[in-house]
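# What the coordinates show
If you want the building blocks of each chain, they are given just below.
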Amino acid sequence: MPYSVKSKKTGETYYLHCKETQSRGGKRTLYFFSKEIKPGALDAVPTGYVVTEAPTGLPLLKKAK
């Protein structure tokens, strides 16, 4: 089951995804939230990250301190 978070402001459910991309420095892993379950959905938050919420109600993934 994909990791989901419900927005406290809007009440909408978002699902965590990850995608490998190529950049100048090599491969990068991008994490993002989507309202739909798509390929690349993750079952848990990656180690070293925490989920927060922007003032707009969108979930954000940040590195833990």
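A brief structural summary. Worth saying up front: this structure is predicted, and the values here are computed from it rather than measured.

Rules and cut-offs
- For every chain, the first residue of the written sequence is number 1, and numbering continues from 1 along that sequence.
- Local features are withheld for residues below a pLDDT of 70 in this predicted model, meaning they are given only at 70 or higher, and side-chain atom pairs are given and counted only at 80 or more; totals for whole chains, interfaces and linings count all residues.
- Excluded from the side-chain calculations are hydrogens and water; all other atoms, namely the structure's heavy atoms, are used.
- A pair is scored as a salt bridge if a Lys or Arg side-chain nitrogen falls within 4 Å of a carboxyl oxygen belonging to Asp or Glu.
- Helix and strand assignments come from DSSP, with helices taken as H or I runs of at least 4 residues and strands as E runs of at least 2, each series counted from the N terminus.
- To sort residues, take the accessible area from a 1.4 Å probe on protein chains only and compare it with the maximum for the residue type: under 20% means buried, over 50% means exposed, and anything in between is partly exposed.
- DSSP calls a pair of strands paired once it identifies at least 2 bridges connecting them.
- Whenever a helix is involved, its axis is fitted only over the stretch in contact; in every case the axis is a line through C-alpha atoms, and angles between N-to-C directions fall within 0 to 180 degrees.
- Pairs were defined over the aromatic rings of Phe, Tyr and Trp, the Trp ring being its six-membered one, requiring ring centres within 6.5 Å. Orientation was assigned from the angle between planes: stacked under 30 degrees, edge-to-face over 60, tilted for the rest.

## Considerations on the pattern of salt bridges
Counted according to the given criterion, the structure contains 1 salt bridge. Glu12 is paired through a salt bridge with Lys35; the nearest N and O atoms lie 2.9 Å apart. Here the residue Glu12 occupies a position in the loop between β1 (4-6) and β2 (13-23), and Lys35 occupies one in the loop between β3 (26-34) and β4 (49-53), the gap between them amounting to 23 residues. Take Lys35: its relative accessible area is 48%, and that puts it in the partly exposed class.

## A closer look at the sheet that holds β3
The sheet built from 3 strands is open, its strands ordered β1-β2-β3 with antiparallel pairing. Each edge of the open sheet carries a strand with a single partner, namely β1 and β3. Strand-to-strand twist of the sheet, defined as the mean angle between neighbouring strand axes without regard to direction, takes the value 35 degrees. Sheet topology places β2 next to β3; 9 bridges connect them, and they run antiparallel. For Leu16, the partnering residue across the bridge sits in β3 and is Phe33.

## Let's talk about the packing of aromatic side chains
One pass over the full model with this rule turns up 1 aromatic pair. Ring geometry for Tyr31 versus Tyr49: centroids 5.3 Å apart, planes at 55 degrees, classification tilted. Separated by 18 residues along the polypeptide, Tyr31 in strand β3 and Tyr49 in strand β4 bring together distant segments of the chain. The class for Tyr31 is partly exposed, based on a relative accessible area of 30%.

## A look at the environment of Leu58
Residue placement: Leu58 occurs in the loop between β4 and β5 (59-63). Take Leu58: its relative accessible area is 43%, and that puts it in the partly exposed class. With 31 residues separating them in the primary sequence, Leu58 and Lys27 have C-alpha atoms 26 Å apart.

## Overview of the pairing of β4
The sheet contact formed by β4 and β5 spans 5 bridges and is antiparallel. Directly across from Val51, in β5, lies its bridge partner Leu61. Between the antiparallel neighbours β4 and β5 lie 5 residues, among them Gly57 with a positive phi of about 100 degrees.

By themselves these figures say nothing about function.
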